[in-house]
Amino acid sequence: MANTESPFNILVIDSEESSIHLIKEHLSQHSDHPVHFELSRTSHEALDKIAENRYHAILVNHSLDGGKGVREVIREINRRKISTPLIVMVPPNSEAEAHRAIKAGATDYLVKTENEIQKFPDRFRTLYRNYELKTHPKNLEDEITAQNMEFLQMHTKLRDLATRDELTGLYNHRYLQEKLIEEFARAVRYGHSISCLMIDLDFFRSINDQLGHATGDEILKEAAEILLMGSRLSDLIARFGGEEFVILLPHVDYQGAAELAERFRETFARHTFLGNSQAVTATVSIGVSSFPEDAVKDRSDLLHFADQAVFRAKAGGRNQVYLYRNIGPTLKDALPHLKISEEKIFEFQRKLSEIADKARRGYVESSKMFIQALDSKDHFTAGHAGGVAKLAMQVAEASGLSLDDSEIVGHAGLLHDIGKICISDEILLKPSRLTLAEYEAMKQHHYFGYRIVKPIKFLREEATLILHHHEWFNGEGYPCCLAGNEIPLGARIVSVVDSYDTMRLAGGRYKQTLSVEAAVNELIACAGTQFDPEVVQTFIQVLLMKKELAPESYNRKRLREVIRSTSQK
Ligand SMILES: [Fe+2]
Ligand SMILES: [Fe+2]
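Attention in this report is confined to the structure presented alongside it. (Residues numbered from 1 in each chain as written. Chains lettered and ligands numbered in written order. Predicted model: local features only at pLDDT ≥ 70, side-chain atom pairs only at ≥ 80, totals over all residues. Heavy atoms only, no water.)

Remarks on the sheet that holds strand β2 (residues 35-40)
Consideration 1: Spatially, β2-β1-β3-β4-β5 is the arrangement adopted by the five strands of the open sheet, whose pairing is parallel. The open sheet has two edge strands, β2 and β5 (108-111), and neither has a second partner. On average, each strand axis in the sheet is inclined to that of its neighbour by 25 degrees, with strand direction left out of account. (Pairing = 2+ DSSP bridges. Helix = DSSP H or I, 4+ residues; strand = E, 2+ residues; numbered from the N terminus. Axes fitted to C-alpha atoms, helices over the stretch in contact; angles between N-to-C directions.)

Dropping the structure here:
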């Protein structure tokens, strides 16, 4: 291309001149096209120039005017429907920022290191060829080639976006699953280690509630950056969902993974998040699993084990690292009997997520379908979930909870046993008494239910109630051995109603159906140990109001004594 051609105009928007010098230097060595550069030091100055639309490429520094500049430039280009390629220049390790800019409308990004800028002439050639094909199509074939290239670029950009989490720019859940298949197969084939960290921001829900979702989102972005900064290029960092992140560590053994987890825990504990306007601190709980040290049979085990470990880290008081290999034998022994695949959990997560997208109103009806599926699978408990939902909501209202909070308790009642859908039929439908191991497996339904429901943003509170619906008032329940008021009130209500309904179920599996009076007296007998006596009292008031229980037919004296003795403690 002769230099008599009209020049290829590039606008560089950067407060420093250093980048323009470097790019010029490399282009002059590697390109024979006439190139004209213009520099704008502020976005304000650049917007007028952009409006004239005489550039063939625009390069903008991502931190221009404190980050506002790049957003203004992108907005202007979008508003004016200008098709000029826009390249965002970012410092090293700012992949997340770059992907956010691409999501907003930028064409590509360029890392501002000498090494990367050296490669710019290659990209420049593509830009220039597109420009040539667009402005001087030699024939129809050239035009089609230009369109194909544009299509290819758009396809690449869309593919990239489909693998990324929109908020943080990290890889998304789906991409993690795809890469996990490859990386795990490679580790097995070549006999090297692979480890997994599952990282959960502690008390994130309270941060969202108290400081608003905008601040919560900023904290998630900052957390993603901490993880990016502290990882190697070969590590795969993904947002797993909500406030949970996963880091996949190929070629890293247990010790290395545990050390990295501890480093992240310390970094988060020391870090002050700037949020939107106010400084916030937030710790993390981290679960670690590792192949081949853990008995990982397939790639889904690696995630599942890390998830079990993070669950223990949270139950143990948060701000801690928990290694899967340190989980006691009882739970581990129960696992083989679960006959549950990770895919099954993901499948139900995905189904419920789709329901969530359609809107909250549709959710109640749709989730009833899941319950019906469970009901039709287990005829022994048909109608149980619906019965618990209705009664739990009435007890919640009688306890003085707002209508919204009572609805949450009602939904938790409806979904409390949804995790049973993941339990194998041979355990769920076994007509005879369960063995100890089978019983242990069955006991995990609260945890599966929690994992199925947790990813749905508006069912977060319900998920917590599902998790704790088998806690005991005296602290001897599971999974977290919470006691008294540590157990969320909604979970204490579901616990009482669940037990009552089970005792009253017609055709129950092992027992005779109890009368209302006998079931209520059983609740009273367990008040103070298994059940919150005050919830039992409110529950009885509801039955009295509904005239389902005669006033003198239950052991009122014992209930009063239990309430007195527990309130004195
Ligand atoms: Fe249950
Ligand atoms: Fe139940």
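Having seen it, we continue.
Thoughts on helix α9 (residues 204-211)
Consideration 1: Listing the buried residues of α9 in full gives Phe204, Ile207 and Asn208. Seen along its axis, α9 keeps its buried residues to an arc of 95 degrees; they face one direction. Pointing more than 90 degrees away from the buried face of α9 are the exposed residues Asp209 and Gln210.
Consideration 2: Buried residues along α9 sit against β6 (194-201) and α10 (213-229).
Consideration 3: Gly212 sits one or two positions beyond α9 and adopts a positive phi of about 95 degrees. (Buried < 20%, exposed > 50% of the residue type's maximum accessible area, 1.4 Å probe, protein only. Arc of directions from axis to C-beta. Contact = heavy atoms within 4.5 Å.)

Observations concerning the sheet that holds β6
Consideration 1: Taking strand neighbours across the sheet as the criterion, the five strands line up as β7-β8-β6-β9-β10 in an open arrangement whose pairing is mixed. The outermost strands of the open sheet, each flanked by one partner alone, are β7 (236-241) and β10 (321-323). Averaged over neighbouring strand pairs, the angle between their axes works out to 20 degrees when direction is ignored.
Consideration 2: Where β7 lies against strand β8 (residues 244-250), five bridges are found, and the strand directions are antiparallel.

Points about the coordination of the iron ion (ligand 1)
Consideration 1: Each protein donor to the iron ion (ligand 1) is listed here as Asp417 (OD), His445 (NE2), His469 (NE2) and His470 (NE2); together their distances run 2.2 to 2.6 Å.
Consideration 2: Around the iron ion (ligand 1), the four donor atoms sit at angles spanning 80 to 173 degrees, and that spread fits a shape best called irregular.
Consideration 3: Coordination of the iron ion (ligand 1) draws on donor residues from a single chain, spaced D-x27-H-x23-H-H in sequence.
Consideration 4: Here the iron ion (ligand 1) and the iron ion (ligand 2) are spaced 4.0 Å apart, and both take Asp417 as a donor. (Donors = N, O, S within 2.8 Å, 3.2 Å for Na, K, Ca; no water. Tetrahedral: all angles 85-135°; square planar, octahedral: opposite > 155°, others 65-115°.)

Remarks on the pattern of salt bridges
Consideration 1: Throughout the structure, instances matching the rule amount to 21 salt bridges.
Consideration 2: Here Arg239 makes a salt bridge to Asp165, at a shortest N to O gap of 3.3 Å. On the criterion of sequence distance, the pair formed by Arg239 in strand β7 and Asp165 in the loop between α7 (140-162) and α8 (173-190) is long-range, its members being 74 residues apart. Of the two residues examined, Arg239 and Asp165, each falls in the buried class.
Consideration 3: The salt bridge partner of Lys454 is Glu244, with a shortest N-O separation of 3.1 Å. With Lys454 in the loop between α20 (445-453) and α21 (460-467) and Glu244 in strand β8, this pair connects stretches of sequence that are 210 residues apart. Glu244 matches Lys454 in its accessibility class, with the two residues each being buried.
Consideration 4: The network of salt bridges with common partners includes Asp200, Asp202, Glu244, Lys314 and Lys454. (Salt bridge = Lys/Arg side-chain N within 4 Å of Asp/Glu carboxyl O.)

Quick look at the environment of Ile427
Consideration 1: Here Ile427 shows up in helix α18 (residues 425-428).
Consideration 2: In this structure Ile427 comes out as buried when scored by relative accessible area, which is 3%.
Consideration 3: Each C-alpha atom of the pair Ile427 and Ala441 lies 8.3 Å from the other, and the pair is 14 residues apart in sequence.

Some remarks on the coordination of the iron ion (ligand 2)
Consideration 1: The protein atoms that coordinate the iron ion (ligand 2) are His384 (NE2), His416 (NE2), Asp417 (OD) and Asp498 (OD), at distances of 2.1 to 2.4 Å.
Consideration 2: Considering all four donor atoms around the iron ion (ligand 2), angles at the metal cover 72 to 167 degrees and the coordination shape is irregular.
Consideration 3: Spacing between the donor residues of the iron ion (ligand 2) along their common chain follows H-x31-H-D-x80-D.
Consideration 4: For Asp498, a relative accessible area of 8% puts it in the buried group.

Some words on the nonpolar core
Consideration 1: By size, the foremost hydrophobic cluster in this structure holds 57 residues, and its most contacted members are Leu197 and Leu201.
Consideration 2: Apart from the residues within four sequence positions on either side, Leu201 is in contact with Ile219, Leu220, Ala223, Glu243, Phe245, Phe268, Ala282, Thr283, Val284 and Lys314. (Core = buried A, V, L, I, M, F, W, Y, C linked by side-chain atoms within 4.5 Å.)

A word on the environment of Lys546
Consideration 1: Note that Lys546 resides in the loop between α24 (533-545) and α25 (556-568).
Consideration 2: On the accessibility criterion, Lys546 (33% relative accessible area) is partly exposed.
Consideration 3: Excluding its chain neighbours within four sequence positions, the residues that come into contact with Lys546 are Leu391 and Gln394.

Things to note about the side chain of Asp532
Consideration 1: If you trace the backbone, Asp532 turns up in the loop between α23 (516-525) and α24.
Consideration 2: Given the relative accessible area of 7%, Asp532 is considered buried.
Consideration 3: Within polar-contact distance, the side chain of Asp532 engages the backbone nitrogen of Glu534 at 3.0 Å.
Consideration 4: Once residues lying within four places of it in the same chain are set aside, the contact partners of Asp532 are Phe473 and Arg492. (Polar contact = N/O pair within 3.5 Å; in protein donor to acceptor, adjacent residues only side chain to side chain.)

With respect to the packing of aromatic side chains
Consideration 1: One pass over the full model with this rule turns up seven aromatic pairs.
Consideration 2: Aromatic pair Tyr171 and Tyr175: ring centres 4.3 Å apart, planes at 25 degrees, arrangement stacked.
Consideration 3: Plain terms: the ring middles of Tyr447 and Phe448 are 6.2 Å apart, the flat faces sit at 45 degrees to each other, and that makes the pair tilted. As far as the burial class goes, Tyr447 and Phe448 line up, both buried. (Phe/Tyr/Trp six-rings, centres within 6.5 Å; stacked < 30°, edge-to-face > 60°.)

Focus: a negative patch on the surface
Consideration 1: Residues Glu397, Asp404, Asp405, Glu407 and Glu461 make up a contiguous surface patch of negative charge.
Consideration 2: Of note, Glu461 is situated in helix α21. (Patch = residues over 30% accessible without salt bridge, like charges linked within 9 Å, V, L, I, M, F, W, Y side chains within 5 Å. Areas by Shrake-Rupley, 256 points an atom, 1.4 Å probe, with all protein chains shown as cover. Lys, Arg positive; Asp, Glu negative; His and termini not counted. Charge placed at Lys NZ, Arg CZ, Asp CG, Glu CD.)

Here we look at the packing of helix α16 (residues 384-398) against helix α17 (residues 403-415)
Consideration 1: Closest axis-to-axis distance for the α16/α17 pair is 7 Å, and the angle between their directions is 155 degrees. With respect to each other, α16 and α17 are oriented roughly antiparallel. With respect to the hand of their crossing, α16 and α17 are arranged in right-handed fashion. Judged by residue contacts, Ala385, Gly386, Val388, Ala389, Ala392, Met393, Ala396 and Glu397 of α16 engage Leu403, Ser406, Glu407, Val409, Gly410, Gly413 and Leu414 from α17.
Consideration 2: Residues belonging to the contact of α16 with α17 are distributed by class as follows: nine nonpolar, four polar and two charged. (Parallel < 35°, antiparallel > 145°, perpendicular 65-115°, else oblique. Left-handed = near helix turned anticlockwise from the far one by under 90°. Nonpolar A, V, L, I, M, F, W, Y, C, P; charged D, E, K, R; others polar.)

Interpretation in functional terms is not warranted from these geometric data alone.
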